[in-house]
Amino acid sequence: MTMATSGRRLLPMQSPRTGVETFAWLIRAIRAYHPSPDIRDTATFARRLATYGTELRPTTINRLENAELSFTIERCLSYEEALQLAPYDLVDPFLYLTRIGGATPGTALAKLGQASHLELELLWRLGRGEQIAPYEWIRLAYLYRNRPDLFTATERMREAFFGRLMEDAGRCYEKDLRLIREALIVIGDDVSEHVAARCRDDPLHYFNTTEALGFMDGEQSWSTLLSLGDTLDDGVLAGTIIEPVIRRFRALSESNDVAPSTVGAITDYSAAALCRTDVLYTAREEALVWASQPNVQLTVRARHAIADLREDVAQLRLKPATFEPEPFLGTLLGEFADLLEAEELIPAGLPPRVPGVGQVLGRGIFSQARVSRLAVGLLLRSWHLTDPLTDALGRALHRVSPADYGVQRAIVRMMVKLGSPRRHPYFSAFGRTPKREDGVRLVAAWALGEGEDSADQTVLAKLYGDATTRDTKRVIVTAAERRAFVELLATLSHDSDSVVASEAERALRRLGASKAHRPDDPPAAGA
């Protein structure tokens, strides 16, 4: 691992590989290309950090940003303030990348053994029915982990605490939801059955919470995760169940604490899902990973059936049919550099092609691991250069042939994670283009759920009319609810599929309830 240099000025590392290195690369990329010379200069930046409670020598900062030392939640918080970022913009990718890398995020909260006035205030607010911020749930989660007796003295208090946590998980999206996921992981096994119960009752709002079960290490959470095997016919849940099963199975296999027969339902489902193109593509991506495990045996019949779908399986593996990834990335990086120069975003003396960004973007588009692709989008979300990067990705998206629908899906999802407002026109235009595969309609619908153009209701209606699978229609329900497209939801509530219709009806009821709130009512967490 080496750092690129320009004179005495350090640049982001050329080849970040691990999650820790990639996070350090981001921090350096933010600083190196920042418009403020006080942030670019390490000595003055050290003084800025000190004003926000973190005193570090310039040499220590350089070691942190070279992945030679470890970040912590507290260091991320200080960096956010010193870099003038939104709250938790660095905490979010730090937690995510650390977890998928198999490590535990460092934090002073791990030593929280007594309830201070901060935790008592949070509990008091919960008791009054008030909402607390997602990061505040992490603080309470560490208190629960270290002092469970404070929460389990009565069954009523314990259930109320978990109930409020899960309610907030159901109403949060993106960064807020990932912070609450961390709270679930910290609490551990005790909350696992509540996660499973909510997923069974309302999969559209809770499917992402099952990921937390993959990072727990107790028998109860493992049993709970396996018990969700009877929900695999729900494509929305299947992908987020198989991935944590893979994570736990690998860890248990290393210690010979699990037999393949324990996860027979996952193997059977994966074989069936890979042979059916109408199953949600994220579930099929994870099924393919599962089927590739060395100790997972598929039947000869299943392997022949999968071989017959080799072109579709190639799309699941992000293997393009109409172009080579390297020249595609070269064009993308060239356009990104041109946009940086055109918008005069490059500090004097720095190269327009940001060192290491090609490797990071390549992983975000072409990695066969779904969580690795997602990690890149949410990592880059806090970079001040995401606007021109989104433009470059939007142009690349419209160059991709419909035959490479796997790449189309990956680019759209990355643009969603980046969160730049410049994504909306690209999504509206993309929603109107012909789609070869229903999963592309699904990601287009999900993207439009964060849009701004009122005409998107017409685009979503077109996607609904062309949809061929239940899961795509269900995502359209979610997008329509987030955009308050009541007319479209009313149409969806009459769908011939009872699952789609009932979820649309529930969305209409929720919108009706929200409209009853007074205009000065505070918004829900994650809104």
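Only a predicted model underlies this, so the values are computations on that prediction, with no experimental measurement involved. (Residues numbered from 1 in each chain as written. Predicted model: local features only at pLDDT ≥ 70, side-chain atom pairs only at ≥ 80, totals over all residues. Heavy atoms only, no water.)

Turning next to the overall build of the chain. Along the chain, the regular secondary structure elements total 29 helices and two strands. In terms of C-alpha radius of gyration, the chain reaches 23 Å, essentially the compact-globule figure of 24 Å for 527 residues. With the C-alpha coordinates of the chain rotated into their principal frame, the extents come out at 65 × 60 × 55 Å. Looking at the chain as a whole, 56% of its 527 residues are labelled buried. (Helix = DSSP H or I, 4+ residues; strand = E, 2+ residues; numbered from the N terminus. Rg over C-alpha atoms; globule rule 2.2 N^0.38 Å. Buried < 20%, exposed > 50% of the residue type's maximum accessible area, 1.4 Å probe, protein only.)

For the structure on display, the rule yields zero disulfides. Here Cys199 stays unpaired: no disulfide links it, and the sulfur of Cys172, its closest cysteine neighbor, is 15 Å away. (Disulfide = S-S within 2.5 Å.)

All right, on to the side chain of Thr44 then. Relative to the helices and strands, Thr44 is located in helix H3 (residues 42-51). Overall, the relative accessible area of 18% leaves Thr44 in the buried class. In terms of polar contacts, Thr44 uses its side chain to reach the backbone carbonyl oxygen of Asp38, at 2.6 Å. Sequence-distant contacts of Thr44, that is, excluding residues within four places in its chain, are made with Pro37 and Asp38. (Polar contact = N/O pair within 3.5 Å; in protein donor to acceptor, adjacent residues only side chain to side chain. Contact = heavy atoms within 4.5 Å.)

This part takes up unusual backbone geometry. Even without a glycine there, the phi angle at Ala67 is positive, about 65°. Within the secondary structure, Ala67 sits in the loop between helix H4 (58-64) and helix H5 (73-82).

Turning our attention to the packing of helix H20 (residues 357-366) against helix H21 (residues 370-380). In contact at an axis separation of 6 Å, H20 and H21 are set at 130° when each is read in the N-to-C sense. In terms of axis orientation, H20 runs oblique to H21. Note that H20 runs across H21; the crossing there is left-handed. The segment H20 lies against H21, with Val360, Leu361, Arg363, Gly364 and Ile365 engaging Arg373, Val376, Leu379 and Leu380. For the contact of H20 with H21, the per-class residue count stands at six nonpolar, one polar and two charged. (Axes fitted to C-alpha atoms, helices over the stretch in contact; angles between N-to-C directions. Parallel < 35°, antiparallel > 145°, perpendicular 65-115°, else oblique. Left-handed = near helix turned anticlockwise from the far one by under 90°. Nonpolar A, V, L, I, M, F, W, Y, C, P; charged D, E, K, R; others polar.)

For the rest of this paragraph, the subject is helix H25 (residues 438-448). The element H25 is largely enclosed, with a buried count of 10 among its 11 residues. Residues of H25 that are buried: Asp438, Gly439, Val440, Arg441, Leu442, Val443, Ala444, Ala445, Ala447 and Leu448. Of the surrounding secondary structure, the elements contacted by the buried residues of H25 are helix H16 (281-291), helix H23 (405-418), helix H24 (423-432), helix H26 (456-466) and helix H27 (470-482). The backbone nitrogen of Gly439 has a side-chain oxygen 2.8 Å away, supplied by the residue at the start of H25, namely Glu437.

The subject of this paragraph is the packing of aromatic side chains. This structure, assessed with the given rule, holds 17 aromatic pairs. Summarising the aromatic geometry, the rings of Phe161 and Phe162 are spaced 5.8 Å apart at their centres and angled 45° between planes, so their arrangement reads as tilted. Pair check on accessibility: Phe161 and Phe162 agree, each one buried. Consider the rings of Phe249 and Trp290, whose centres lie 5.0 Å apart with planes at 65°: the pair is edge-to-face. Here Phe249 is found in helix H14 (residues 235-254), whereas its partner Trp290 is found in helix H16, with 41 residues between them in sequence. Judged by relative accessible area, Trp290 falls into the buried class, the value being 0%. Its end group placed over the ring of Tyr173, Arg482 keeps NZ or CZ at 3.8 Å from the ring centre. (Phe/Tyr/Trp six-rings, centres within 6.5 Å; stacked < 30°, edge-to-face > 60°. Lys NZ or Arg CZ within 6 Å of the ring centre and 35° of its normal.)

Core analysis: the biggest nonpolar cluster contains 172 residues, and Trp25, Tyr79, Leu90, Ile365, Leu380 and Trp383 have the highest contact counts within it. In this view, Tyr79 contacts Ile27, Phe45, Leu49, Ile61, Leu64, Glu65, Phe71 and Leu90; residues no more than four positions away in its chain are not counted. (Core = buried A, V, L, I, M, F, W, Y, C linked by side-chain atoms within 4.5 Å.)

Atom-level detail of predicted coordinates should not be read off regions where pLDDT is low. For the chain, per-residue confidence averages 91 on the pLDDT scale, and 95% of positions sit at 70 or higher. Contacts for the low-pLDDT stretch residues 1-8, under 50 throughout, to residues beyond four places or in other chains number 21 contacts. A low-confidence stretch, residues 514-527 (pLDDT under 50), is modelled with 12 contacts involving residues beyond four sequence positions or located in other chains. (pLDDT = per-residue confidence, 0-100.)

Turning our eyes to something else, we now look at the environment of Arg370. Tracing the backbone through its elements, the reader meets Arg370 in helix H21. Sequence-wise, Arg370 and Val258 are 112 residues apart; in three dimensions their C-alpha atoms are separated by 24 Å. Not counting residues within four places of it along the chain, the set of residues in contact with Arg370 comprises Glu211, Gly239, Thr240, Glu243, Thr282, Glu285, Glu286 and Arg413.

So, on to the side chain of Thr54. Its place among the elements puts Thr54 in the loop between H3 and H4. For Thr54, the residues in contact, after removing those within four places along its chain, are Leu49, Glu74, Arg75 and Ser78.

Let us look at the pattern of salt bridges. Applying the stated criterion to the full structure yields 42 salt bridges. A salt bridge links Arg28 to Glu65, with the shortest nitrogen-to-oxygen separation between them at 3.2 Å. Of this pair, Arg28 sits in helix H1 (residues 19-32) while Glu65 sits in the loop between H4 and H5; the two residues are 37 residues apart in sequence, bridging distant segments of the chain. Residue class for Arg28 comes out buried when judged on its relative accessible area of 3%. Judged by relative accessible area, which is 0%, Glu65 ranks as buried. (Salt bridge = Lys/Arg side-chain N within 4 Å of Asp/Glu carboxyl O.)

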